[in-house]
Amino acid sequence: MAQLARRYSSRWCRVPILLAASLCAACASNPAPDDWLPSAREVPADPYGAWIRITFDSGTSRHEIEGELLAAEPDTVYVLTGESVVAFPGDAIRHARVAWFESGAGNLAAWTLLGSLATLSNGYISGLTMPLWVLTGSLATSAQSRSPLVDYRPDRGTLLSIRAYARFPQGLPAGLDRSTLLGRPHR
Amino acid sequence: MSERFALLVAIAALFGACAYKVERNLTEPSRSAALDSDSEYLKAHMRDGELYVLTAWDVSDADQRVRGQGTRLDYHRRILTTGPFDVPLDSVALFETNAARVSSSIVPLTVMTIGTAAVGVYCAINPKACFGSCPTFYVPGEDGQILAEGFSASVAPSLEDTDRDALPSVRPAGGVVRLEMRNEALETHVVRWADLIAVPRGRAPRVYSLIDGTLRRGSAPLPPSRCVAEEGDCRAQVEKRDGTERTSLADSVDLAAREWMELEFPIDPSAEGRQLGLAIGSRQSLLPTYVLYQGLAFMGTRAGEWLAALERGNEGTRERTKAIGRVLGGIDVYTTDPDGEWVLAGSVQETGPLGTDVRVVPLPRIPSGEALRVRLRLTRGMWRIDQAELVVLGEEVSPIRVRPSLVLRAGAADTSALARLRSRTDALVTLPGDAYTLVYELPDGHAYELFLESRGYYLEWMRAEWLAEENNLRAARMFLDPAGSLRAMAPEYKRIEPEMERIFWSSRYGATR
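Colleague: Any chance you could explain unusual backbone geometry here in plain terms?
Modeller: Residue and element names in this part refer to chain B. Even without glycine at this site, A56 takes up a positive phi of about 45°. Looking at the element boundaries, A56 is found in strand β3 (residues 51-60). C-beta crowding within 10 Å serves as the criterion here: with 12 such atoms nearby, A56 is assigned to the exposed category. Its identity as a non-glycine residue notwithstanding, Q64 has a phi of 55°, on the positive side. Judged by the 13 C-beta atoms lying within 10 Å of it, Q64 falls in the partly exposed class.

As structure tokens, this is what we get:
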């Protein structure tokens, strides 16, 4: 029995581990906190901006700020970080990633996992169908995980490319009290 | 099966329904004609930072108004009012529409799901046709026939048994024989040993394994001059061991119904007065596999209890377990006695549908100058006979037992597996997909006839599809009234018999060969 148990742990457990590793490796990282982003179906009625993570260099080290994207103007990005509004100069940005809805890639990963495990009932054909599932599923999951992401790099575009995902795509309104602006309530 | 397919599709739809992509468009009020009218929601971003989220919206160029039902929010995104709104266009900074559509990422996964379900249907529509039956042995690296299958009848620990299979096509290379042992079914195999039995041929062309287990030297096989069965001439199928098999279909009323074949051999004068034997190269059809799986299906969720009862039982219990096998029977060989009456010479009982094995039935000595007539009585649709030839038997010989000297797994030495296979008390346990290469070193100085002797038992894995047929009364009937059970199973077996072979081989577990 011990022999059997060892065999199970060493071989059968490898399948889901490899699958999970494959799927994790395929996914693009989403900077938004858990449960912060709206689902794709909530987006059309959602009044808030996307989540943005800005990477910038300061001295010899690299830093990040992140929060709700309020507005993007040709030379400035406005971000609501916690309770304060940060006006971040465009020329200091090294890279920015905007995430504007929950991708649902986890569902495709789960679908891939179930499909791959279902091939265990395929007899010897599983030697073909399981790798095909892992490959196809990883590509599909990867593509889906990238669908809500918009990347900005100074050498590849302007800040206006991300303004559509801001709370105020028209630009920061005149007279807005930056010190009291409220963010998305906890969901 | 349709339920399983529906479930898989439903799960796919569920996951797929959660994978969307969204297209967002910003439109200046001056270009309101370009707004996506299919968008359910329209967001109007106001110059002061307020936002209207509207449904049932309409933008009128004529009177420069936007109307709709919805919500007005301040720049904090707190709701100010809800209801119908009528807003002048010149107060709007930008319109925003979003269209959420099911993501194209699900297309390849949908295709895969349908494909997987189809493959699942392929096997599961007839789960009792799926591949099974004990360890299989191959020549490593060669795509070809299964050389042997070990202890096929040993479906429980208490039925552990020793099996010997001839390996006529195995050729040692430099005194070394390599065999690949695989577990290709949803089964747990407990292999006590897998030894090579090497028999020096001496000056004899061959060495044969007789039905009583003895090994005797013998002549080269002589083909029949005549072979007749119900379908007519069957000589071409049985005249030599070439993979061309004589088969038949099962009876539609009784799975144990018998049929006859008749063979005739010319007797060479040099063979007169010597011991003759009929060498039968055969394997079973999938009929016994079906019966075994049907029995497990009838046991259903209580299969474990049935098998435990078998383990606790006495010899009588074990004999009852074998009763249905006795009713199905073997290949009975008849010859005529001096009075011309047909008498039973012996029976071949090789179990398993995978590897063809050769067994010799010794025949009574016959008067000189006569042709030898032999009849085979066998269960319809249960046997595949590749060879039915006459051999002249010589002296009995003592074999040399050769245990594996090396066991490889995935190309690396597996000392633990080797120790288990060399021990007589321990056993190697294998699971679906496992493959081991067993290396044997033959003693120098002889040309050997080789046999494989394996001992152990195996446990079938219950399949979900089988549980639907749980019927403990019918399970009990298989032990108490095996003949009646085989009659009751006949219609169902006949329904799937034409497809059994294709499904069986397609459901083999593990790497393709």
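Colleague: Help me understand the environment of B:M489, please; the structure alone is not making it clear to me.
Modeller: Residues and elements named next belong to chain B. Here M489 lies in helix α11 (residues 482-506). Overall, the presence of 23 C-beta atoms within 10 Å leaves M489 in the buried class. Separated by 198 residues in sequence, M489 and V291 have C-alpha atoms that sit 8.1 Å apart.

Colleague: Sorry, what's going on with the sheet that holds β3(B) here?
Modeller: Sheet strands pair by backbone hydrogen bonding; their relative direction is either parallel or antiparallel. All names here are of chain B. If you trace the six strands from one edge of the open sheet to the other, you get β1-β6-β2-β3-β4-β5, paired in antiparallel fashion. This sheet does not close on itself; its edge strands, each paired only once, are β1 (20-27) and β5 (79-88). Strand after strand, the sheet turns through a mean of 30° between neighbouring axes, direction not considered.

Colleague: In this structure, what is going on with the nonpolar core? I would like to understand it.
Modeller: Counting 99 residues, the largest nonpolar core has B:L278 and B:I280 as its most contacted members. Take this core: its biggest share by element is nine residues, from helix α4 (residues 287-299) of chain B.

Colleague: Before we go on, may I ask you to explain the packing of α4(B) against helix α10 (residues 472-480) of chain B in this structure?
Modeller: Packed helices, taken two at a time, are described by the angle between their axes plus the distance between the axes. Residue and element names in this part refer to chain B. Running from amino to carboxyl end, α4 crosses α10 at an angle of 135°, the nearest separation of the two axes being 7 Å. It follows that α4 is oblique to α10 by the angle criterion. Both α4 and α10 take part in a crossing whose hand is left-handed. Facing G295, F298 and M299 of α4, the residues of α10 in contact are N472, R474, A475 and M478. When the residues that make up the contact of α4 with α10 are grouped by side-chain class, the tally is four nonpolar, two polar and one charged.

Cut-offs applied
- Residues numbered from 1 in each chain as written.
- Chains lettered and ligands numbered in written order.
- Predicted model: local features only at pLDDT ≥ 70, side-chain atom pairs only at ≥ 80, totals over all residues.
- Helix = DSSP H or I, 4+ residues; strand = E, 2+ residues; numbered from the N terminus.
- Buried ≥ 20, exposed ≤ 12 C-beta atoms within 10 Å, placed from the backbone.
- Pairing = 2+ DSSP bridges.
- Axes fitted to C-alpha atoms, helices over the stretch in contact; angles between N-to-C directions.
- Core = buried A, V, L, I, M, F, W, Y, C linked by C-beta atoms within 7 Å.
- Parallel < 35°, antiparallel > 145°, perpendicular 65-115°, else oblique.
- Left-handed = near helix turned anticlockwise from the far one by under 90°.
- Contact = placed C-beta atoms within 7 Å.
- Nonpolar A, V, L, I, M, F, W, Y, C, P; charged D, E, K, R; others polar.

By themselves, these observations are geometric and do not establish any function.
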